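# Chain and residue survey
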Amino acid sequence: MASNVEAFLEGDYRKHNDNFGHVLTTDIIPPALSHFSWKISSGRLMLCDIQGVDCTYTDAQIHSNLTSMNFGRGDYGEVGMKKFFENHECNEICKMLKLDQGERFSHPSFFSSGEGLQAAFERIVLRGVDLFVKF
């Protein structure tokens, strides 16, 4: 039998955004992280439903445009990504990371998965988060 246990987060637990584009706080890091995850994965994946204590985030949702993958009932795919961008206004972090709202849906094909899910995921988790933290 396997289980997954998360460390207790002491402090003010806050939900910053949800998986349908609603912005729930004024913190600028969570929406920039959602935008960045979309950009670094070439529009294939987006972290959303970001919540946690301070800058320790937990229980995020992933929206995916990969036809071969679904991240559960909360994965709204392209619809969820569009809803995010309908409510997103780039902030100073987005600008520092050169995340352009004008290119939001200009990728040639949302459903091309040439590099595959594993490579796209690694770009977000291994390379992307590292770059985001260094900013």
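Nothing here was measured: the structure is a model prediction, and the numbers come from that model.

## Considerations on a nonpolar patch on the surface
Taken together, the side chains of Phe20, Tyr76 and Val79 present a nonpolar region at the surface, about 250 Å² in accessible area. Residue position: phenylalanine 20 is located in the loop between strand E1 (13–15) and helix H1 (29–40).

## Here's the deal with the packing of aromatic side chains
By the definition in use, this model includes three aromatic pairs. Ring geometry for phenylalanine 20 against tyrosine 76: centres 5.3 Å apart, planes inclined by 90°, an arrangement best described as edge-to-face. Separated by 56 residues along the polypeptide, phenylalanine 20 in the loop between E1 and H1 and tyrosine 76 in the loop between strand E5 (61–64) and helix H2 (77–87) bring together distant segments of the chain. Given the relative accessible area of 31%, phenylalanine 20 is considered partly exposed.

## Focus on the pattern of salt bridges
The full count for this structure, using the stated rule, is three salt bridges. A salt bridge links lysine 15 to aspartate 49, with the nearest nitrogen and oxygen atoms 2.5 Å apart. Placement of lysine 15 in strand E1 and of aspartate 49 in the loop between strand E2 (45–48) and strand E3 (51–53) is noted, with a sequence separation of 34 residues between them. Judged by its relative accessible area of 35%, lysine 15 is partly exposed. Judged by relative accessible area, aspartate 49 falls into the buried class, the value being 11%. For lysine 82, the salt bridge identified is with glutamate 78, shortest N-O distance 3.2 Å. Highlighted residues: lysine 82 and glutamate 78, both in helix H2, separated by four residues, approximately one helical turn. Given a relative accessible area of 37%, lysine 82 falls into the partly exposed group.

## Considerations on H2
Residues of H2 that are buried: Gly77, Gly80, Met81, Phe84 and Phe85. Burial along H2 is one-sided: seen end-on, the buried residues are contained in an arc of 135°. Against the buried residues of H2 lie H1, E2 and E5.

## Things to note about the confidence of the model for the protein
Mean pLDDT over the protein stands at 80; residues scoring 70 or higher make up 74%. Mean pLDDT values over the elements of the protein span from 56, in helix H4 (residues 116–134), up to 95, in E1. Between residues 106–114, whose pLDDT stays under 50, and residues either more than four places distant or in other chains, the model counts 17 contacts.

Conventions and cut-offs
- Residues numbered from 1 in each chain as written.
- Predicted model: local features only at pLDDT ≥ 70, side-chain atom pairs only at ≥ 80, totals over all residues.
- Heavy atoms only, no water.
- Patch = residues over 30% accessible without salt bridge, like charges linked within 9 Å, V, L, I, M, F, W, Y side chains within 5 Å.
- Areas by Shrake-Rupley, 256 points an atom, 1.4 Å probe, with all protein chains shown as cover.
- Salt bridge = Lys/Arg side-chain N within 4 Å of Asp/Glu carboxyl O.
- Helix = DSSP H or I, 4+ residues; strand = E, 2+ residues; numbered from the N terminus.
- Phe/Tyr/Trp six-rings, centres within 6.5 Å; stacked < 30°, edge-to-face > 60°.
- Buried < 20%, exposed > 50% of the residue type's maximum accessible area, 1.4 Å probe, protein only.
- Arc of directions from axis to C-beta.
- Contact = heavy atoms within 4.5 Å.
- pLDDT = per-residue confidence, 0-100.

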